[in-house]
Amino acid sequence: MPVVVSSAVWPELGEYERATTTLMSAYVGPVMAAYLRRLGERLRGLGVTAPVRVMESAGGVLPAALAASRAVYTIESGPAAGVIAAARQGARRGLADLISFDMGGTTAKAGLVRGGRPGITHEFQVGGKGSFGGRRPGTGVPIKVPAIDLAEVGSGGGSIAWTDGGTLRVGPRSAGADPGPACYGRGGELPTVTDANLVLGYLDPGGFGELRLSPERAREAVERHVAAPLGVGVVEAAAAIHDIANAQMGAAVHVVTVRRGIDPRGFTLVALGGAAPTHVARLAERFGIARVLVPPRAGVGSAVGLLHADLAIERARTFLAPAATLVSCSASRDALGELGDALADLERAARSDLSVAPDDAPQVVRSIGIRFVGQAHAFTVELPAGPVTPETVQRATEEFYKRYNESYGIDLRDPVELTTARVRVVLPSSPDDVPAAGHRPSTDPPGTRRVWLDGSFRDVPVRTRESCAPGEVLAGPCVVTEPQCSLLVPPGWHGAVDEHGALLLEGGSWPAT
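Figured I'd write up the structure that's included with this text. (Residues numbered from 1 in each chain as written. Predicted model: local features only at pLDDT ≥ 70, side-chain atom pairs only at ≥ 80, totals over all residues. Heavy atoms only, no water.)

## Digging into the environment of G158
You can see G158 is positioned in the loop between β10 (150–153) and β11 (159–164). Using a relative accessible area of 4% as the deciding quantity, one classes G158 as buried. Apart from the residues lying within four places of it in its own chain, the contact partners of G158 are G105, R173, S174, A175, T192 and T194. (Helix = DSSP H or I, 4+ residues; strand = E, 2+ residues; numbered from the N terminus. Buried < 20%, exposed > 50% of the residue type's maximum accessible area, 1.4 Å probe, protein only. Contact = heavy atoms within 4.5 Å.)

## Here we look at the packing of aromatic side chains
For the structure shown, the criterion picks out eleven aromatic pairs. Here the aromatic rings of F400 and Y404 are separated by 5.9 Å at their centres, their planes lie at 45 degrees, and the arrangement is tilted. You can see F400 and its partner Y404 sitting in helix α12 (residues 390–408), four residues apart, about one turn around the helix. Taken individually, F400 and Y404 each receive the classification buried, so the pair is uniform in this respect. Residue class for Y404 comes out buried when judged on its relative accessible area of 10%. Cluster of aromatic residues (ring-pair linked, three or more members): F372, F379, F400, Y401, Y404 and Y408. Directly above the aromatic system of W162 lies the positively charged group of R173, at a separation of 5.3 Å from the ring centroid. Directly above the aromatic system of F457 lies the positively charged group of R450, at a separation of 4.5 Å from the ring centroid. (Phe/Tyr/Trp six-rings, centres within 6.5 Å; stacked < 30°, edge-to-face > 60°. Lys NZ or Arg CZ within 6 Å of the ring centre and 35° of its normal.)

## Describing empty space enclosed by the protein
Per the counting criterion, the structure on display carries two cavities of 30 Å³ or more. Quantified by volume, the second largest cavity comes out at close to 50 Å³. Those elements that provide at least two residues to the lining of the second largest cavity are α4 (77–92) and α9 (301–308). The element best represented in the lining of the second largest cavity is α9, accounting for three residues. (1 Å grid on protein atoms, 1.4 Å probe; cavity = no way out; pocket = protein on both sides within 12 Å on 5 of 7 lines; lining within 4 Å. Points joined across faces, edges and corners; volume = space filled by probe spheres on them.)

## Regarding the sheet that holds strand β20 (residues 456–464)
Strand order in the open sheet made by the four strands is β19-β20-β22-β23, with mixed pairing throughout. Looking at strand neighbours, the two that pair on one side only are β19 (447–453) and β23 (485–489), the edges of this open sheet. Neighbour-to-neighbour, the strand axes of this sheet turn through a mean angle of 35 degrees, independent of strand direction. Pairing of β19 with β20 involves seven bridges; the strand directions are antiparallel. Residue pairing for β20: V451 is matched across the bridge by R458. Most of the contacts of helix α8 (residues 276–287) go to β23, to which it runs at about 25 degrees, and overall it touches β19 and β23. (Pairing = 2+ DSSP bridges. Axes fitted to C-alpha atoms, helices over the stretch in contact; angles between N-to-C directions.)

Just geometry here; none of it tells us what the structure is for.
Shown next, in the form of structure tokens:
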């Protein structure tokens, strides 16, 4: 009988949150352990002896056995891989401030990268409703493990459009992959965002790879379930579905930027997921973002991010002490020694988790949780390398005051206390990138397609991604297709293909004030 103990999963103060975190790990762990065991056996049967690693929510990978014992660490692993892919793609092009926009079939997610580093949270909610970035209490089940800070909305390519008392709604219900959107021809009859995009000409009826899309089924679904009940034309209904999906996805970007006091206009929006490139430029226009990056293989961006992930683990334990005690010269020696010992113990345990060899040189990040005395929420503040001194704690306290002021607009200097000691040990992945997408020159002139733009249909050029040569400039309006996704470049946007096959678009317009 598997036994899951909270002191092993996440030994921090906060009995309720520790209990829900442990319960979630116990709920998922046995299923994950059995799956990973079968996977390992089958791989060995095929002669594959490489170690199996599993993505964790904070952007690293764990050995399979450790992931099974701490299953809750992987709860946001898919979206986290997308943010890692965005950070890696931005770093290759000297872009350090990014907004990762990952839109799949069921949801759209946004994450922030500042200074080349994804934001990490240690308190978030799962399984709830609303696009609050996992931070608002009551929106789900509280989980206390490190995770890349994300906002999610129930709006993806498979989100179903429906009417409610004369009002058009999109999602959160999804057609999923089976039966999928009506245009897939697999038995689905309800209209989705994908069906609307096909009606508007944004997608190729030839489909993606072997999948063929049916414009007739898409039009019929939109007409029967949206246009007819609302008394509008099919195209107008499809355009409304597309616009509402954009607005809902904008809520996720709003959460990770504007709601946190960050101006998104200086950031680059990175499109990941099968549906994101179709919507990304219009979404950028909503926020006045003038640069969009569409990496190669954007439709499978999370899978690419997984290949770049570092081997990493974080260990933490409660360390409750007034900051003044550690800063005071007369009373700090014992308390500082205890903090230093706690950090050293956590580092040894993390190194053991990853089986760090003596000749390995992992990155070690030490941090502490700090909060105002009497409050429940703490900020995590990094510590510099070297011994923990009164000056170290004082600088961390000043950093806490600064971040509190930035987050809440209140300049308080009240007494603070330490809550948690944390250590994250990272073995960096190989710097080698995924092989660049191939370029196949085409002697055929670009095709055209009727595409709905700004209230009317226009004939616009259609290119395949592999036919776009490095350095070639693309000007909107146009559509660029590849096996996993379709990029819509609206009027006013232009971009160039770099040597790695990525498209960097610039243009757009500032939002109306």
